[in-house]
Structures are given as structure tokens and as C-alpha cells.
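Residues per chain, in single letters:
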2 protein chains.
Amino acid sequence: MASYTAPLREIEFVLKDVLDVGQLSRLPALAEATPDTLVGLIGEAAKLVQERVAPLNARGDQQGCKWHDGEVTVPDGMPEVYKLYWESGWVGLCNPTEYGGQGLPYTLSKVVDELVCSANVAFALYPGLTMGCFEAIAANASDELKNTYLPKLGTGEWTGTMCMTEPQAGSDLASVKTRATPNGDGSYSLEGGKIFITSGEHTMAENIIHFTLARLPDAPPGIKGLSTFVVPKFLVKPDGSIGERNQVRCVSIEHKMGIHGSCTCSMQFEGAKGWMVGAPNTGIQNMFVMMNLARILVGLQGLGQCELATQNAIAYAKERKQGKAFNGGEAIVDHPDVRRMLLTMKATTEGARVLAYETAMHVDIAHHHPDAAAREEAQDWVELGTPLVKAYCTDSAFELGSLAIQVYGGHGFIREHGIEQIVRDSKILCLYEGTNGIQAMDLVRRKLMLNGGRLPQRFFAKVRSEGTGDAPLGFIAKPLREAVDELEETTHWLQQSYKTSPDDAGFGAVDFLRAFALTYLGFNWLRMAKAAAASGDDTFRRSKLTTAQFFAGRMLPQVHSLCANVRSPAAELMKLEAAAL
Amino acid sequence: MASYTAPLREIEFVLKDVLDVGQLSRLPALAEATPDTLVGLIGEAAKLVQERVAPLNARGDQQGCKWHDGEVTVPDGMPEVYKLYWESGWVGLCNPTEYGGQGLPYTLSKVVDELVCSANVAFALYPGLTMGCFEAIAANASDELKNTYLPKLGTGEWTGTMCMTEPQAGSDLASVKTRATPNGDGSYSLEGGKIFITSGEHTMAENIIHFTLARLPDAPPGIKGLSTFVVPKFLVKPDGSIGERNQVRCVSIEHKMGIHGSCTCSMQFEGAKGWMVGAPNTGIQNMFVMMNLARILVGLQGLGQCELATQNAIAYAKERKQGKAFNGGEAIVDHPDVRRMLLTMKATTEGARVLAYETAMHVDIAHHHPDAAAREEAQDWVELGTPLVKAYCTDSAFELGSLAIQVYGGHGFIREHGIEQIVRDSKILCLYEGTNGIQAMDLVRRKLMLNGGRLPQRFFAKVRSEGTGDAPLGFIAKPLREAVDELEETTHWLQQSYKTSPDDAGFGAVDFLRAFALTYLGFNWLRMAKAAAASGDDTFRRSKLTTAQFFAGRMLPQVHSLCANVRSPAAELMKLEAAAL
């Protein structure tokens, strides 16, 4: 079984020494969230996660969820731990206090998400989707709807879902067919089928709230004719208590590659009663309000799985003896190819953590900074960082899971070691909330173009302002400068060519996103190296500097070949008719 | 469920137009194996594989193998199909006629292996290990042992295993502990436990022959004290009929990430009777006789899974409608990022096929060519090609499985589509018969050094002799020349630095193998482009040239950054003590 110990030292280093998390408590709204308070709470979360959540991971994978006659049973132990989890306040950590939350920073809730997602990513989806549903209602709904649903969603006492996908409408939500007909009393009657609904049915919570995309009878076709509705599993009486069962049913659950502990439901709406959230035909905008946050969360799921893969592979490599290394070492950690894999994992996970946490901090700043310009700038960073966090952290989770298996050798293929589960659990992260190809298109089509292209310029300027081209950090500062120059040139090429030859940009989008993420990680490793160089802990310092050196020498230079691919024209490749493939 | 149609047209193109398979029938020993005979037999195999083997794939994955009290039950349908398969002569295709085989080219048997491994890689392991056992006995055993075991192993009526791994002895066979004590009558008594024994127990065959690595009582320690033994499940009477049950038992089977239809057994030898194969303490040499062939076979397993991923992804992308592409196309095949994934899959699979088939043809030439120098040269190509085929085709299978899931989107994560099974089935291919890291070390430590380094020189000279730097094939000939130059320079660097700084070479080995394989594929794509340019089929020609262009522009240039990594010193990275990781 994979083991998990929260990397508290590393988290504290990133928050305090690299990202100056103290800037959050300098915001009036978050004054209580001092660095030490945050670190203390993370330590508390770590205990619960290690002791209660992690032990359910392998069992949940083996048992899976069971469907019988519309009811779904989750794996043993999960209901008890979910109850403990929400009652302890972890679901509502960053929600407003008026809706049952703790009013703490979003950043803190993302750090806790990382821990939970290392320990048990299937479990994490129950609170995760609840948060998505909460955020969507909080951003768009009337006060009456908010008061009805948010207090219990905000704590996690009720759970939530996002009902978007239909068989013909995955990436293309314009094709959504579910209908919502006005009942004349302010409510609507929903008809249609949804698939891939995470947490769509279970009995861990007294109610489940479905945030649902549907179409009004007179709606225009396509993406501009979608509206959003709140559809509870049980209707809620005026006094807030549970009323009659609504006509929304789980008709089946999926058998999946991984995340077996999370139920993925097909839901049938058969005259289900719902209430519109936001204005008619603004469904897509309403969904997008929470889309950034949902995507950042998925990125944290990826980061959690990266950490799980990395720490288990390192521990195994230190223990496992197999032949003698060139340097005389007896454990496989001293075999150079194993060392290469472990440094790849470490460089990726630790670098990605800075990316994810920094994006989360910008969410807090964008919400709470008293200065409008600072809020605007922070929101720019959130917009830019979101596709990077989502795609890079999740691609990395799958890749690092695969590397961890290689470190374990044949044993990695055996289920009892819990390592192959990382590969199986991680793959979905590259698919949902927009496939990673869609994240790349979001980066290239939207984020590079927004507000005259100022988002990437903010990034280039910030990286260049970090300086330190002189020894001893020149080993990373120099390749980072080269990477930024190449990335900027490629960015301008995309900004110019996008309108005239969208196929070129589309063809290069995934490589561009990866180049951007690697450059961002180069920036992170420069900052980590700088912070670690000042550390009095010799072992920690050398570990960080060695990993930075690995990243600078062997991962960061990939930016150049990726960018060359991006700038390579694709017209000829698109010209071949599909039938000839 | 994934579907499978054998790519007969592509196979015929590679054999006839790219590799001149006619050279095999110009060898006296293989005179009957004319190109048309081979193509005809491949067509026959395709029918059996498509109609009988492929339909068992999903069911085998779902049912898996069951262990009860020492007996193993394979999935429904497999015994009938295995019987049909060996009785039709497919197991013994290239075995000598005196041992029940058909005496046909090894190349043909590898093409058929590709088909079977696309359709059902778990099924393919039963004949696959039988062949490994056959080859090891054929190469090393006394005539008496050969006459006892080979006639029924050679047809597949009996199946075989390779009993090497023990819990403490995976990559490091020097640690094997199983003991073989002489009984005084020419037989030995074996005691010990083996793990990860593919096909170790089942009832599809009347007997199972275990080719077993063990240690004599007076054997020197380590790798030089190993001997090989044949240990039958049932003793064989002098008249060849089945005798009493031998004391070798399956004590459990593994629960694995994939290949559920293949049983992976823990075997206990408790005074099991065995007979020595070859001389005492020459076990490692005896194993290595069949090691190249076993590794090539695993490469073909990878190729088969590459083809399965590629053809299903292309078919799905042509059908699935999701939004409108920039070029107006309605199916996702016209979305540039999907097109990029499909071309990556196609370029990899088709290029890897040439690598695998060419290596197989060199095996035939090395066995059968009347001229000693030609045999020697062919054997050099086999030695060089083996780690490339094994590692590149299997890494690609896993990667292409993952890409296929991305093409399917969320549906790829659902088991019923059969796509995620490719990822799960493929991962073991990167691990067994030597992990892909070990393949890379074999390339760098042994193959680059053999006979004064002449193996890679043969490759560089052959590629350069292909010429065609002029238009219209300059688009690939030029980057290929640049890749060969870079690879040659890096090869010399490795050949020189290996003895003085083995850690550097070890650290870069995996990147070097990938660079070598990509260069080899560049050579293959140049030859395919040349052959296709002469084709009268316009669609086929354009498809090949477009894919060649994709490979030349976007995959082949990776050689440069990979080689830069290889030449980057690793001493600093190895210096960090393990505890600091």
C-alpha cells in the first residue's frame, strides 16, 4: 500500500520563504490568517488526512461504488470519515462565515486540498464538487436561493454536483439538450439525461444539490441558449428541513479506470423541480465564474498525486537493494537512472507546488485586496495561471505515476503496492473540467489575447525582475533568461498568427502550454534556490540546489524544442483529408 | 470495446516496399518463404486473430485469472482459443520442423505476434513464454532433454515458463537463492520460491515446462554461480507420456494493473525434480541466448498495443462530433490538437513497425545466411536493435494508450470503451524482460562498446548511404542528417567517457536510447517516404508523406535536446547523499 506523510516542511518553506504568504494577513479581510496560523492549521489537517483519509484509499479502489436500484453505496469507512471531515470544518474552510464557513484564505483550502488529494483523490471529489456547486450558487443566485442552499453546502453537510455533460455534449456544451420548462410558480421542470456526474448519488449527506445546465423552451440554439438551475435531490421546505424526493435519479454508475471510490453517475431528470440561477441564457457565464476555481482544484488534485508518487518512489528507492551502483551504493537510489527519475519527480512536484500555491494566493488577493489595480493584476495572474496549474499538474501526475512504477520495477505493476493506482486515478484529471488540450486552447486563444495581451507580459516582466544572473545562481538564472526570451518570442508569434492561421496555433497549443509551465517552474526553482541558499539547514540547502540544478540543466531547456514546434506551420498537416489518416 | 482490424496493407508495404522481405527467400534455408507466401499466411493469421482472439480481450480483462488451492483458471474462452491457435500451427511457426515447427521465418512469427498482441496481449503471453522456454532449451540442452521436451513445446501443445525472478532478485539475478541439489541419478532436486512467473500454472496444456535459474550447492556466489534447469509440472515417462506430478506448485497469483487474462504466479519448488540445461554455472549465458529474442518479442507486444491505440483513436476521431473545427470540419479529427495526437500516434506506430520488423529480419539473416560476414553483420544489427525495439515500442505503447484516452476524452476513462485497458496492459511491457532503464544501460554499456564500437557505426553508415538530400525528400533527409551527426557525436562521447565516469553515461542512458530510436525512426520514415512517393495510390502516398513531414518536423528534432542531456555531466547530481532526497 502506498504510504503518505504530508510534506509539512516543504509546504512551510514554499508558503513562508518563497511566496511570502504573510502578504495575505496584511490584507484587512484576512488579518487573522497569519503565516503561523496557516501552518498550524495545515498541521492539524495533515493529522486527520494521514490518520483517517489515507487508510481508505486502497480499500476504496478495491471496493468501488455500488449501484442498486437508483441507490449508490460508497466504499466502507467513507461515510464516517466524510462526516468527521465536514463537521471538523475542513470543507467550509474558505467559505464566508455567514454560510457556515471559516472565512480563511482560499490558499489554505488549496493546501489542504493537496493533502487530501495525495491521500485519497476519490474521497476529495465529494467536498470538491460541493465547493464548485457552492461557488456557482454564491456567485449568481438570488438571496433566497443562497439562503436556502448555501448554509448547508458551505459546511459540506449537503454535497453538490455540477451537471453539465450529456452524451453528445462533452467539450462542446453548445450541444446540451436538457430542457427546463417554467412551472409558472418561479420554479422549472427539468427533463433530460446527464452523464459523468461526480457524486451524483450517495447517502453520505442528507441532501445533494445539482447545479444544472439546461435550455429554456424559447432559448436560442447553441452556447447562448443555456441557463443554470439548482435542482435538489430532496426539495427544501421553507423552514429549511428536508421535503419530498425530487424527480432526479441516478440510473447507472460508470466502471472506470480509477477513482473507484468516487461515484460517476448517469442522472435522469424526469420533471425534476429546479430554480434558475442567474439570468436566462447566461448559463455559460455562470459556469465560468466557478470554472477557474474548479480547474485550479483539479490542478491541486494533480499536485497531490505528484507528491504521492514522488515520496513513495524516493522511499522505496532508498530501501530496495538490487545490485551495486557504480558509486558503491547498495540501494537503487544510487543507480544513476533511478536517481534521474527521482530528481525528475522531485523537480516537477516541488516546482509545481509553487505554481499552484501562487495561483491560489492570487485568488485571495484578487478577492480581498483593498486596491483595485492590485486586484486586477492578481486576477490577471489567476487567469493566466489557471490553465497552467490544471494541465501541467495533472499531466505530471500521470507521468510521475508512471515513473514511480518504473522505480518499483515489476512490483509497481502489482496492485497491493498502491503505485499503479496513481496512474489509474490520475488519468481522469487530464480529462475533466476541460481536457488538457482544451486548457492549452484556453491559454492560446483567450489568456494570451485578453486585454491586449498583458497577461503574459506581466509574467515575463516579473521573471526578469527576479535577476540574480550572477554566480552562484547563474546556473539557473541564465537558462531561465533564455527560456523567457524564447517563450516571449513564441507568444508574440501566437498573438499575431492566431487570427490568420488558427490551425497553426491550435496545433502548437499543448506544446506551448508545456513550454510556459516549464518556464514558470524555472522561475519557481530560481526563487526556491535563492530562498534555500539562505537556509541554515545544510542538507535542505544542498537538496534544493541539486534539484534546481537538475531542473535547470535537463528540464528547462525543453522550452526551446517545444517553442520550435509551436512556431512550425501546420497547414500542410491539416490539409490531409480525415479519410486518409 | 476496442475493435481491431489487422493493418494488412501497411504490413505488406513495410515488408515488400520498405524492407525487401524478398531477401529472406533468397536464403536457401528459407527459399519457400516468398513475399507472397508470407503475406498470404499473415492474412490467414489475421482472420483467426480478429475472429477468435480479439473478442476475448475485454472479457479476459474483466474476469481475470482465478487461483484456488494451487490451481489456476484462465478466463472463459481462452482454453478453446489457445487449443485452436496451437493446433493451427501458429505457435510453432518458425520452429524447426524436427520439433513440430513449420520452419518458416522468424520475421513471419513476429508479424503474427504483432497481430496477436494488438488483439489480446494477455493471451499472447501463453505462446510467448512457451517460445522463450523452447529457445532456451533448444540452444543449450542435451539431445536427450531436447527430444523429451521440444517436440511438444515446439508446437505449443505444452507451454513453458521462464522461472528467474525471486523477491530479492529482480533486475539483479546475482541474488537468486533457489538451490538445486544433485540426486545422484543425473537429476536435481530444486528448493526455493520464484515470483512473477507468467503462465506458471493453468490447465490449458497437458504439461508446463519451467526453465529455471538456480544455484548448485558448491556454486560460487553471485552471477557466476547460476545454472539452468528444466523442471516439468508433470514428469515425462520414457515413452513421452505424462507421469507423476512434480513438486512445483503455484502458491498464489498476483493482482495486477493489467494483463488480467495472463496469470502471474508465485511458484514454490519443494524438492521438484529438474535436469540441468547446459554446463554448471553457465546459467546467465544460457538465459542470454534467448534474451534477445524474448526482448524483441516484448517489443512486438508494445508495437501491437501501439497499433491498437492508434487505429481506435483515429476511428473514434473521425466519428465523434464535438464543436466545429476552424476548417469547418465537424468531427474532432479536424481539431488541430486532435490531429496532432493522431499524427503522433501514426508516426510512432508506423515508424516503430519498420524498426521491429527489420530487427526480426536480421535475426533470420543471422541464422540462415550462407556467408559468415553477412551473418556477423546481421547479428550486430540484432544486438543493436534489441534494446531499441524493446524499450521504444513499449514506452510508446503506454504513451499512445494515454494519447488515445485523451482523444476519447472522458469516455476514454470508462472501461467499456476498452481504451484505458491499453494503458493498463502496456505498462508491464516497460518492466519485464529488463526494465526500459536496463535496456538503456544494455545499449550504453554493452552495445556501444562491443567489437570496438562497430555496431553504431554500421547504423550511421547505413543511414548516410540512404542519401536523398535533394527535394522532394529533403524535408526529412536534412533533419535526419542533423540527427545522425548529433547522435554520432554523442555516441563517441559515451564510448569515451563511459569507463571514466559511468555515472554520467548511466544518467543519460534513457535519453540516449530515445534519441537513438528517434533517429532510427527518422531513417524508417525516409525509406517509407521514398517507397510511398513511388506508389500509384494517391491517398496512401499523401498520407505517408504528411506523416513523414510531421515526424521530421516535430518528433525527430527532439534528438538534439535528448543528446544535450546525455552529454550533460551528472557528477554533482549523484553526489547528493540519498538521505537528502
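For every chain, the first residue of the written sequence is number 1, and numbering continues from 1 onward in sequence order. The naming scheme follows written order: chains are lettered A onward, ligands numbered 1 onward. In view of the model being predicted, local features appear only for residues whose pLDDT reaches at least 70, and side-chain atom pairs are presented and counted only at 80 or more, with totals across whole chains, interfaces and linings using the full set of residues.

### Describing the overall build of chain A
The numbering of helices and of strands both runs from the N terminus, where a helix is a DSSP run of H or I of at least 4 residues and a strand a run of E of at least 2. For chain A, the helix and strand inventory stands at 19 helices and 11 strands. The quantity called the radius of gyration is restricted to C-alpha atoms. Its globule counterpart is 2.2 Å times the number of residues to the power 0.38. Against the 2.2 N^0.38 benchmark of 25 Å for 581 residues, chain A shows a C-alpha radius of gyration of 24 Å, consistent with a compact globule. Overall size of chain A, expressed as C-alpha extent along the three principal axes, is 75 × 60 × 55 Å. Each of the 581 residues in chain A was classed as buried or not, and the buried ones make up 60%. C-beta atoms are placed from the backbone for every residue, and two residues are taken to be in contact when these atoms lie within 7 Å. Looking at chain A alone, contacts between residues at least 24 apart form 74% of all its contacts between residues at least 6 apart. Remark: C-beta atoms are placed from the backbone, and a residue is labelled buried if 20 or more other C-beta atoms sit within 10 Å of its own, exposed if 12 or fewer do, or partly exposed between those counts.

### Brief notes about the pairing of strand E4 (residues 179-182) of chain B
Residues and elements named next belong to chain B. Should DSSP find at least two bridges between two strands, the strands are regarded as paired. The sheet contact formed by E4 and strand E5 (residues 187-198) spans four bridges and is antiparallel. Its bridge partner lying in E5, alanine 180 is registered against leucine 190. A loop of four residues connects E4 with E5, the two strands running antiparallel in sequence, and glycine 184 in this loop sits at a positive phi of about 90°.

### Some details on the interface of chain A and chain B
The interface is formed by 74 residues belonging to chain A together with 75 residues belonging to chain B. Considering each element in turn, the side of chain A that touches chain B owes the most residues, eight residues, to helix H17 (residues 538-555) of chain A. Residues were grouped as follows: Ala, Val, Leu, Ile, Met, Phe, Trp, Tyr, Cys and Pro as nonpolar; Asp, Glu, Lys and Arg as charged; and all remaining residues, including Gly, as polar. Partitioned by chemical class, the residues of the side of chain A that touches chain B number 33 nonpolar, 24 polar and 17 charged.

### Quick look at helix H12 (residues 420-427) of chain A
Residues separated by three or four positions in an α-helix point in the same direction, a consequence of the helix having 3.6 residues per turn. Counting buried positions along H12(A) gives eight out of eight residues, so the element sits mostly inside the fold. Looking only at H12(A), the buried set comprises A:Glu420, A:Gln421, A:Ile422, A:Val423, A:Arg424, A:Asp425, A:Ser426 and A:Lys427. Elements that come into contact with the buried residues of H12(A) comprise helix H4 (56-63), helix H7 (121-140), helix H9 (283-319) and helix H11 (372-408) of chain A together with helix H11 (372-408) of chain B.

### Some points on the pairing of strand E7 (residues 227-232) of chain A
Residues and elements named next belong to chain A. Counting buried positions along E7 yields six of six residues, so the element is predominantly enclosed. Every second residue of E7 is oriented toward a common face, with Ser227, Phe229 and Val231 on one face and Thr228, Val230 and Pro232 on the other, all of them buried. One ladder, built from six bridges, connects strand E6 (residues 208-214) with E7; its direction is antiparallel. When the bridges of E7 are listed, alanine 214 appears paired with serine 227.

### Overview of the packing of helix H14 (residues 450-466) of chain B against helix H15 (residues 474-500) of chain B
Residue and element names in this part refer to chain B. Each axis is a line fitted through C-alpha atoms, taken for helices only over the stretch in contact, and angles between the N-to-C directions span 0 to 180 degrees. Taken N-terminus to C-terminus, the directions of H14 and H15 make an angle of 170°; their axes are 11 Å apart at the nearest point. Taken together, the axes of H14 and H15 lie roughly antiparallel to each other. As H14 runs across H15, the sense of the crossing is left-handed. Side by side, H14 and H15 meet where Gly453, Pro456, Phe460, Val463 and Arg464 of the first sit next to Leu480, Val484, Glu488, Thr491 and Gln495 of the second. Of the residues that constitute the contact of H14 with H15, the class distribution is five nonpolar, three polar and two charged. An angle counts as roughly parallel when it lies under 35 degrees, as roughly antiparallel when it exceeds 145, as roughly perpendicular when it falls between 65 and 115, and as oblique in every other case. Each crossing gets its hand from how the near helix is turned against the far one by less than a right angle, where anticlockwise is left-handed and clockwise is right-handed.

### Structural notes on the relation of the copies chain A and chain B
A least-squares fit on C-alpha atoms brings the copies together, and the residues used are those whose pLDDT is at least 70 in both copies. After a rotation of 180° and a shift along the axis of 0.0 Å, chain A superposes on chain B with an RMSD of 0.0 Å. What the rotation and shift describe, once combined, is the action of a two-fold rotation axis. Considering only C-alpha atoms, the part of chain A nearest the rotation axis is A:Ser561, at 3.6 Å. Comparing contact sets, 100% of the residues at the interface of chain A also lie at the interface in chain B, consistent with an isologous, same-surface contact.

### What about helix H5 (residues 78-87) of chain A?
Residues and elements named next belong to chain A. Of all the residues in H5, the buried ones are Met78, Tyr82, Tyr85 and Trp86. In an axial view of H5, the angular spread of the buried residues amounts to 85°, which keeps them on one side of the axis. Among the exposed residues of H5, those oriented more than 90 degrees off its buried face are Glu80 and Glu87. Contacts from the buried residues of H5 go to H4, H7 and helix H8 (143-155). Phi turns positive one or two residues past the end of H5, at glycine 89, with a value near 95°. Here the arc refers to the directions that run from the helix axis out to each C-beta atom.

### Considering the environment of A:Ala517
Residues and elements named next belong to chain A. Here alanine 517 shows up in helix H16 (residues 502-533). Overall, alanine 517 belongs to the buried group, with 26 C-beta atoms counted inside 10 Å. For alanine 517, the residues in contact, after removing those within four places along its chain, are Leu388 and Tyr392.

### Focus on the confidence of the model for chain A
Regions with low pLDDT should not have their predicted coordinates read in detail. Confidence of the predictor in every single residue is expressed as pLDDT, which spans 0 to 100. Per-residue pLDDT for chain A has a mean of 96; in total, 100% of the residues score no lower than 70. Interface confidence for the predicted complex, given as ipTM, is 0.98, next to a pTM of 0.98.

### Quick notes on unusual backbone geometry
Residue and element names in this part refer to chain B. Not every positive phi belongs to a glycine, and aspartate 69 is a case in point at roughly 50°. Assignment of secondary structure puts aspartate 69 in the loop between strand E1 (66-68) and strand E2 (71-73). Classification of aspartate 69 by C-beta neighbours within 10 Å gives exposed; the count is 6. We note that serine 199 has phi near 60°; this positive angle belongs to a residue other than glycine. With respect to the helices and strands, serine 199 occurs in the loop between E5 and strand E6 (208-214). Serine 199 gets classed as buried once you count the C-beta atoms within 10 Å, which come to 27.

### Topic: the environment of B:Leu173
All names here are of chain B. Counting through the fold element by element, leucine 173 comes out in the loop between strand E3 (159-163) and E4. Leucine 173 gets classed as partly exposed once you count the C-beta atoms within 10 Å, which come to 18. The contact partners of leucine 173, leaving out residues within four places of it in the chain, are Met164, Leu213, Ile223, Leu226 and Ile284.

### Remarks on the packing of H9(A) against H12(A)
All names here are of chain A. The N-to-C vectors of H9 and H12 enclose an angle of 170°; their axes lie 10 Å apart at closest approach. In terms of orientation, H9 lies roughly antiparallel with respect to H12. Contacts between H9 and H12 involve Gly302, Gln305, Leu308 and Ala309 from the first element and Ile422, Asp425 and Ser426 from the second. Grouping the amino acids of the contact of H9 with H12 by side-chain chemistry returns three nonpolar, three polar and one charged.

### Some thoughts on the environment of B:Gly156
Residues and elements named next belong to chain B. Of note, glycine 156 is situated in the loop between helix H8 (143-155) and E3. For the pair formed by glycine 156 and leucine 513, sequence separation is 357 residues and the distance between their alpha carbons is 34 Å. Non-local contacts of glycine 156, meaning those with residues more than four positions away in its chain, are made with Trp86, Val91, Gly92, Pro127 and Thr130.

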